[in-house]
Amino acid sequence: DAGITQSPRHKVTETGTPVTLRCHQTENHRYMYWYRQDPGHGLRLIHYSYGVKDTDKGEVSDGYSVSRSKTEDFLLTLESATSSQTSVYFCATAPDRVRGGSIFGDGTRLSIL
Amino acid sequence: ELKVEQNPLFLSMQEGKNYTIYCNYSTTSDRLYWYRQDPGKSLESLFVLLSNGAVKQEGRLMASLDTKARLSTLHITAAVHDLSATYFCAVDMIQGAQKLVFGQGTRLTINP
């Protein structure tokens, strides 16, 4: 019953190349988020979206851009990947401001050599 | 800047024992979330605490929130091996938007 699907699940690429990660949801949730997880840091918010074409920056947005052209899809782009962006990336969604906690996808493990 | 600190970061305990994980945060917020993460897996929502004094329980886990002290606790009662995981607390940066700031996580190992 995976309401959130991230693709790809694993990717290895080289420094300087562009990378796009995709998050697809079937929950019809308004809010979508991209986090990165690194040892010792917990999860940190990169960007988030509060509706189609409405996005904003999080804690660690430098070097990342996002787009949301449909409710169900939220794309994260690394314009020119660097080794410091090697991480596990999680997409999350939330229905509204009150109910429940965010629902997380299974993550994308990205390695930049 | 909102900071969220958990302690301890590592906890090894025996089955059957009780223990508490603490989550302190630096600025006013009345929404706090607890998540569980198994190795290599996603995060699973455990509790959503939405007001001062909120207490929620699920099985052997109980979470509480004291907004005046800016403190939440996750209490484990009579631990069992299946509770071994990493536990994260998270606080809204902007109240209600679920722009979450996470603690570093507490890696809990429960030994038979």
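The following refers to the structure shown. The structure displayed is predicted, hence computed values, not measured ones.

### Focus on the packing of aromatic side chains
Working step 1: Summed over the entire model, instances satisfying the criterion amount to eleven aromatic pairs over all chains.
Working step 2: Relative to Phe104(A), the ring of Tyr35(A) lies with its centre 5.7 Å away and its plane at 40°, an arrangement referred to as tilted. Here Phe104(A) lies in strand S10 (residues 103-104) and Tyr35(A) lies in strand S4 (residues 31-38), a separation of 69 residues in the sequence.
Working step 3: Taking relative accessible area as the criterion, Tyr35(A) reaches 0% and is therefore assigned buried.
Working step 4: Judged by its relative accessible area of 7%, Phe104(A) falls in the buried class.
Working step 5: Aromatic side chains Tyr35(A) and Phe102(B) sit 5.6 Å apart centroid to centroid with 85° between the ring planes, which places their arrangement in the edge-to-face category.

### A word on the pairing of strand S7 (residues 61-66) of chain B
Side-chain direction in a regular strand flips from residue to residue, so the side chains alternate between the two faces of the sheet.
Residue and element names in this part refer to chain B.
Working step 1: Residues Leu61, Ala63 and Leu65 line the buried face of S7, whereas the alternating positions Met62, Ser64 and Asp66 sit on a face that is not buried.
Working step 2: The pairing of strand S6 (residues 55-58) with S7 spans four bridges and is classified as antiparallel. Opposite glutamate 58, over in S7, you have leucine 61 as the bridge partner.
Working step 3: Where S7 and strand S8 (residues 71-76) come together, six bridges link them in antiparallel fashion. Across the sheet, leucine 65 pairs through a bridge with serine 72, a residue of S8.
Working step 4: Linking S7 to S8, which pair antiparallel, is a turn of four residues; within it arginine 70 sits at a positive phi near 55°.

### A closer look at the nonpolar core
Working step 1: Among the nonpolar cores identified, the biggest contains 26 residues, and Val4(B), Leu32(B), Trp34(B), Leu74(B) and Tyr87(B) are the most heavily contacted of them.
Working step 2: Broken down by element, the residue count for this core peaks at four residues, all from strand S9 (residues 85-92) of chain B.
Working step 3: Residues contacting Leu74(B), with those up to four places away along its chain left out, are Tyr19(B), Thr20(B), Ile21(B), Trp34(B), Phe47(B), Leu61(B), Met62(B), Ala63(B) and Tyr87(B).
Working step 4: Counting 19 residues, the second-largest nonpolar core is a separate cluster that includes Val88(A), Ala92(A), Tyr33(B) and Val48(B).

### Side note on the interface of chain B and chain A
For interface size, the figure often reported is the accessible area lost on association.
Working step 1: Residue-level contacts link 22 residues of chain B with 23 residues of chain A.
Working step 2: It is Gln98(B), Lys99(B) and Phe102(B) that lose the most area in chain B upon contact with chain A, and together they represent 29% of the buried surface on that side.
Working step 3: Counting across the interface, chain B meets chain A through zero salt bridges.
Working step 4: If you look at where chain B meets chain A, you find five residue pairs in polar contact (both at pLDDT 80 or more).
Working step 5: Only strand S4 (32-37), strand S5 (43-49) and strand S10 (100-102) of chain B provide two or more residues apiece to the side of chain B that touches chain A.
Working step 6: Grouping the amino acids of the side of chain B that touches chain A by side-chain chemistry returns eleven nonpolar, eight polar and three charged.

### Digging into unusual backbone geometry
Working step 1: A cis amide bond, omega -10°, links Ser7(A) with the succeeding residue Pro8(A).
Working step 2: Tracing the chain through its elements places Pro8(A) in the loop between strand S1 (4-7) and strand S2 (10-13).
Working step 3: Following Asn7(B), the chain continues into Pro8(B) via a peptide bond in cis, with omega recorded as 0°.
Working step 4: Along the chain, the position of Pro8(B) falls in the loop between strand S1 (4-7) and strand S2 (10-14).
Working step 5: Residue Lys53(A) is not a glycine yet carries a positive backbone phi of 65°.
Working step 6: With respect to the element layout, Lys53(A) can be found in the loop between strand S5 (42-51) and strand S6 (54-57).

What counts and what doesn't
Once a new chain begins, its residue numbering starts again from 1 and follows that chain's sequence as written. Starting at A for chains and at 1 for ligands, labels are handed out in the order in which the entities are written. Local features in this predicted model are restricted to residues whose pLDDT is 70 or higher, and side-chain atom pairs enter the listing and the counts only when it is 80 or higher, whereas totals over whole chains, interfaces and linings include all residues. Hydrogens and water are ignored here; the side-chain numbers use all heavy atoms of the structure. Here a pair means two rings of Phe, Tyr or Trp (six-membered ring of Trp) with centres within 6.5 Å. Their orientation is stacked below 30 degrees between planes, edge-to-face above 60, and tilted elsewhere. Strands are runs of DSSP state E lasting at least two residues, helices are runs of H or I lasting at least four, and both sets are numbered from the N terminus onward. Only protein chains enter the accessibility calculation, which uses a 1.4 Å probe; a residue is then buried when its area is under 20% of its type maximum, exposed when over 50%, and partly exposed in between. When DSSP finds two or more bridges between a pair of strands, those strands are recorded as paired. Remark: nonpolar core denotes a set of buried residues (Ala, Val, Leu, Ile, Met, Phe, Trp, Tyr, Cys) joined through side-chain atoms within 4.5 Å. Two residues qualify as a contact provided that any one of their heavy atoms is within 4.5 Å of a heavy atom in the partner residue. Joining two parts hides part of their accessible area as seen by a 1.4 Å probe, and the buried area is that hidden amount summed over both. Salt bridges are counted wherever a side-chain nitrogen of Lys or Arg sits within 4 Å of a carboxyl oxygen of Asp or Glu. Contacts described as polar in this section are N or O atom pairs within 3.5 Å, which, within protein, must combine one atom able to donate a hydrogen with one able to accept it, while residues neighboring in sequence count only if both atoms come from side chains. Basically, the charged four are Asp, Glu, Lys and Arg, the nonpolar ten are Ala, Val, Leu, Ile, Met, Phe, Trp, Tyr, Cys and Pro, and anything else, Gly included, counts as polar.

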